[in-house]
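Now for the letters of each chain:
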Amino acid sequence: RQKRVDKLFLGKYKDSEAVINFEFQLKISREFAIRLLSYYTEIKSAFPDKLVIQLVFTFGGQASLIQDITFEEKTDFGEIKFSRKIIDLTKISFYDYMRVPNPKVNAFSVLSPDANIKELIQRIKSYDLEKNKFLKILTEIHILSYLVGREKEVEREMVGEGGEINLLEIEFFRKAYE
């Protein structure tokens, strides 16, 4: 199976031009650190004059299986800078997720130990999204809820003002389970 980076963005970090590699990892295997290093070499070859930053998003105890790294070396041929940060999505507070005025970011709050599902659903409703976008966000919340064992709580909150939502009828949700 061919391995490839999840997301790659060009941008600025402090005063440096940077390439930021986002990796989403549900389970960290023994080979994961080596795979990240191979991604680094490929990215650095493509962007030799840019700082490479890798952000790994995981949840639960998985974050302790790999370390944050900052590496910098100056040679006669130039500088090599590398930074990897592990972010445990379940360690971010519900209200930190909710502080961001973005329904996609808000959806991740379901992973927080202090998540208030009723408040989350109300926040998503407050965006007054068109029906397809609203249902897609609810679907994402439902899928994420399985990662932390909150699916029943989420399902209870999804039944209410709009009537029962049958997530299995939504194409995006069906694809996630195929």
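The model shown is predicted, which means the values in this text are computed figures rather than measured ones.

(A) Geometry of the overall build of the protein. Helix and strand content of the protein: seven helices and five strands. The order of helices and strands in the protein, counted from the N terminus, is β-β-α-β-β-β-α-α-α-α-α-α. A buried classification covers 37% of the 178 residues belonging to the protein. Put simply, of all contacts in the protein between residues at least 6 apart along the chain, 55% involve residues at least 24 apart.

(B) Region of the structure containing the sheet that holds strand E4 (residues 69-75). The sheet built from five strands is open, its strands ordered E1-E2-E3-E5-E4 with mixed pairing. The two strands at the open ends of the sheet, each matched to only one other strand, are strand E1 (7-13) and E4. The average angle at which neighbouring strand axes cross in this sheet is 20°, direction not considered. Across seven bridges, E1 lies against strand E2 (residues 16-24) in antiparallel orientation. Its bridge partner lying in E2, lysine 12 is registered against glutamate 17. Together, E1, E2, strand E3 (51-58) and strand E5 (78-88) form the strand contacts of helix H1 (residues 32-46), whose direction differs from that of E3 by roughly 150°.

(C) The arrangement of the packing of helix H4 (residues 117-126) against helix H5 (residues 131-147) in detail. Two elements in contact, H4 and H5, have axes whose closest approach is 10 Å; the angle formed by their N-to-C orientations is 160°. The angle between H4 and H5 places the two elements in the roughly antiparallel class. Every pair of crossing elements has a handedness; the one defined by H4 and H5 is right-handed. Across the interface between the two elements, Leu120, Ile121, Ile124 and Lys125 of H4 pack against Phe134, Ile137, Leu138 and Ile141 of H5. Partitioned by chemical class, the residues of the contact of H4 with H5 number seven nonpolar, no polar and one charged.

(D) A look at the packing of H5 against helix H6 (residues 151-158). Relative orientation of the contacting elements H5 and H6 amounts to 155°, with a least axis distance of 8 Å. In this view, H5 runs roughly antiparallel relative to H6, as classed from their interaxial angle. Facing H5, whose interface residues are Leu138, Ile141, His142, Ser145 and Tyr146, H6 presents Glu151, Val154, Glu155 and Met158. In terms of residue class, the contact of H5 with H6 is built from five nonpolar, two polar and two charged.

(E) A look at H4. Of all the positions in H4, only Ile117, Leu120, Ile121 and Ile124 are classed as buried. Considered in projection along H4, the buried side chains sweep an arc of 95° and stay on one side of the axis. Facing away from the buried side of H4, by more than 90 degrees, are the exposed residues Lys118 and Ser126. Those residues of H4 that are buried are in contact with helix H2 (94-98), helix H3 (103-107), H5 and H6. Looking at where H4 begins, the residue whose side-chain oxygen comes 3.3 Å from the main-chain nitrogen of lysine 118 is asparagine 116. Positive backbone phi, approximately 55°, marks aspartate 128, located one or two places after H4.

The rules behind each value
- Residues numbered from 1 in each chain as written.
- Predicted model: local features only at pLDDT ≥ 70, side-chain atom pairs only at ≥ 80, totals over all residues.
- Heavy atoms only, no water.
- Helix = DSSP H or I, 4+ residues; strand = E, 2+ residues; numbered from the N terminus.
- Buried < 20%, exposed > 50% of the residue type's maximum accessible area, 1.4 Å probe, protein only.
- Contact = heavy atoms within 4.5 Å.
- Pairing = 2+ DSSP bridges.
- Axes fitted to C-alpha atoms, helices over the stretch in contact; angles between N-to-C directions.
- Parallel < 35°, antiparallel > 145°, perpendicular 65-115°, else oblique.
- Left-handed = near helix turned anticlockwise from the far one by under 90°.
- Nonpolar A, V, L, I, M, F, W, Y, C, P; charged D, E, K, R; others polar.
- Arc of directions from axis to C-beta.
- Polar contact = N/O pair within 3.5 Å; in protein donor to acceptor, adjacent residues only side chain to side chain.

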